Protein chains: 2
Amino acid sequence: MSEDLSTEAGDDEVTLGRIETEVAMLMRLGEATRRRTGAEHRVLDRAAYVILRHLADAGPQNVSALATRLNLDGSTVTRQVSAMQRDGLIVREPDPHDGRGMVVSPTPAGLQRMAAVQAARTRLYGDILAGWAPEDRATLADMLHRLNDALEHRPR
Amino acid sequence: MSEDLSTEAGDDEVTLGRIETEVAMLMRLGEATRRRTGAEHRVLDRAAYVILRHLADAGPQNVSALATRLNLDGSTVTRQVSAMQRDGLIVREPDPHDGRGMVVSPTPAGLQRMAAVQAARTRLYGDILAGWAPEDRATLADMLHRLNDALEHRPR
DNA sequence: CAGATTAGCTGTATCTTACAGGTAGTTCTC
DNA sequence: GAGAACTACCTGTAAGATACAGCTAATCTG
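The rules we used
- Residues numbered from 1 in each chain as written.
- Chains lettered and ligands numbered in written order.
- Predicted model: local features only at pLDDT ≥ 70, side-chain atom pairs only at ≥ 80, totals over all residues.
- Heavy atoms only, no water.
- Helix = DSSP H or I, 4+ residues; strand = E, 2+ residues; numbered from the N terminus.
- Buried < 20%, exposed > 50% of the residue type's maximum accessible area, 1.4 Å probe, protein only.
- Areas by Shrake-Rupley, 256 points an atom, 1.4 Å probe, with all protein chains shown as cover.
- Contact = heavy atoms within 4.5 Å.
- Buried area = accessible area lost by both parts, 1.4 Å probe.
- Salt bridge = Lys/Arg side-chain N within 4 Å of Asp/Glu carboxyl O.
- Polar contact = N/O pair within 3.5 Å; in protein donor to acceptor, adjacent residues only side chain to side chain.
- Nonpolar A, V, L, I, M, F, W, Y, C, P; charged D, E, K, R; others polar.
- Core = buried A, V, L, I, M, F, W, Y, C linked by side-chain atoms within 4.5 Å.
- Near = heavy atom within 4 Å.
- Least-squares fit on C-alpha atoms with pLDDT ≥ 70 in both.
- Domains from an automatic or database assignment.
- pLDDT = per-residue confidence, 0-100.

Going by what an unreviewed UniProt entry lists, chain A is known as MarR family transcriptional regulator and is assigned to Micromonospora costi.

Below, the structure is given as structure tokens:
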């Protein structure tokens, strides 16, 4: 609408449409894949896996920090963390620096299960991308990373 | 495990891990983005949008075909389609070739709303990818497409 | 110190989905 | 062409993930 540099603008519009389509499709396929994968992927539900990944990466932290980082409501994380504590995946301890807060840390069992799921998922992607050239895989990884970065810093 | 060309194999392992991480993150960010987007994205819920997209693309078809295509249980699609019918987005007519089946077709109103959501989403991606070079956008679109293709034809 | 803010939890509601079971129509087999 | 096997769809029910509102306790600010 605003610009009309003959081919250029139109092409880019088409590309955006393609990206929109493919992301929507990926969401759907990703969900379906998750639902259909074997038991080794489900020793941890999705939330627990992501939380453990984050704790392993960024260190012990409180529920609010997790919620912010994961784009989830605090109450959601509270419940997920409670379930994980029940299952022995994390421990919750009072924050020594803030009497209101609880610091969440992974347990060895949690880290071990996370590693198992991660290995299974990596294997799964190895299967899925079996025919790909290494440089294409690298390009995919780069592009996904940049897309996530853009999504995270999206203008609101 | 099987091969060990010193650097090569290890690099690829790392790349698979990155892809795994980025896809997981994209799922989470995509959900969060969807939840936080404005009303113009939500005149259609996610299911209705994808169903309309598919009907517009592939033509009227029955519930089972939709379910297979969308990787969803038939009962799920039945309910989604019922809701869409109630909202005037699609019509359901007995399949002339199969007395058991119902053919689902988009209504003009459904197509119109789909187009509106599509436009809003395309605009959103335009914002998100505002700083990107056109060729990077094209690469992203290609890679996503290839990934989806690989996921769809994944060995089971 | 009083009021405002923050961290976390609980109650409740919604949305999306799956699985199990039922009915009606279709195809296959002999 | 009659019965068995299958398929398409629907309904009942249940589970999981999440948000929002409201609560308590602790902390920060002026």
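Having seen the structure, we can now continue with the description.
Let's shift gears to the overall build of chain A. Counting its secondary structure elements, chain A contains seven helices and three strands. In chain A, the order of α-helices and β-strands from amino to carboxyl end is α-α-α-β-α-α-β-β-α-α. Across the 156 residues that make up chain A, the buried fraction comes to 46%. Approximately 8,200 Å² of chain A is accessible, and the part contributed by carbon and sulfur atoms is 52%.

Turning to the interface of chain A and chain B, a few remarks are in order. Contact residues are listed per partner, giving 63 residues for chain A and 63 residues for chain B. Taken together, the two surfaces of chain A and chain B that pack against each other cover about 6,500 Å², and 64% of this comes from carbon and sulfur. In terms of surface lost to chain B, no three residues of chain A exceed Glu20, Arg28 and Tyr125 of chain A, which account for 11% of the buried area on that side. Linking chain A to chain B there are eight salt bridges. The shortest N-O distance in the salt bridge between Arg146 of chain B and Asp136 of chain A comes to 2.9 Å. The interface formed by chain A and chain B holds 14 residue pairs in polar contact (both at pLDDT 80 or more) in total. Grouping the constituent residues of the side of chain A that touches chain B by class yields 29 nonpolar, twelve polar and 22 charged.

If you look at soluble globular proteins, the nonpolar side chains tend to sit buried side by side. Residues Ile19, Leu129 and Leu140 of chain A together with Ile19, Leu129 and Leu140 of chain B are the most contacted members of the largest nonpolar core, which totals 36 residues. Broken down by secondary-structure element, the contributors of at least two residues to this core are helix 1 (7–36), helix 6 (108–128) and helix 7 (134–152) of chain A together with helix 1 (7–36), helix 5 (108–128) and helix 6 (134–152) of chain B. When sequence neighbours within four positions are dropped, the list of residues in contact with Leu140 of chain A reads Leu129 and Trp132 of chain A together with Ile19, Met143 and Leu147 of chain B.

A few words now on the protein's contact with DNA strand D. What surrounds DNA strand D is a group of 23 residues, the closest being Gln80 and Gly99 of chain A together with Ser64, Arg79 and Arg92 of chain B. Sugar and phosphate atoms represent 68% of those atoms of DNA strand D found within 4 Å of the protein. In this structure, a phosphate oxygen belonging to DNA strand D sits 3.0 Å away from a side-chain N or O atom of Thr78 of chain B. Put simply, the parts of the chain that give the surface near DNA strand D at least two residues each are helix 5 (74–86) of chain A together with helix 1, helix 3 (63–70) and helix 4 (74–86) of chain B. For the surface near DNA strand D, the leading source of residues is helix 5 of chain A, giving four residues. Its residues assigned to classes, the surface near DNA strand D comprises three nonpolar, ten polar and ten charged.

Here we come to the relation of the copies chain A and chain B. Superposing chain A onto chain B takes a rotation of 180° combined with a translation of 0.0 Å along the rotation axis, leaving an RMSD of 0.1 Å. Within this description, the copies of the chain are treated as partners about a two-fold rotation axis. Rotation axis and chain A: the residue whose C-alpha lies nearest the axis is Met27 of chain A, separated from it by 3.0 Å. When the interface residues of chain A are mapped onto chain B, 100% of them are again interface residues, pointing to one common binding face.

Here we come to the domain arrangement of chain A. All names here are of chain A. Per the domain assignment, the segments making up chain A are domain 1 (1–36) and domain 2 (42–152). Computed from C-alpha atoms alone, the centre-to-centre distance between domain 1 and domain 2 is 27 Å. Each partner contributes residues to the interface: domain 1 has five residues there, and domain 2 has four residues. Joining domain 1 to domain 2, the criterion identifies zero residue pairs in polar contact (both at pLDDT 80 or more). Counted by class, the side of domain 1 that touches domain 2 contains one nonpolar, one polar and three charged residues.

Next up on the list: the environment of Gly30 of chain B. Residue and element names in this part refer to chain B. Counting through the fold element by element, Gly30 comes out in helix 1. Accessibility expressed as a relative area gives 16% for Gly30, which makes it buried. Note: C-alpha distance between Gly30 and Ala133 (103 residues apart in sequence) is 22 Å.

Next up on the list: the confidence of the model for chain A. On average, residues of chain A carry a pLDDT of 86, and 88% of them reach 70 or more. For residues 1–7 of chain A, every residue scores under 50 in pLDDT, and the model assigns this stretch two contacts once sequence neighbours within four places are set aside.

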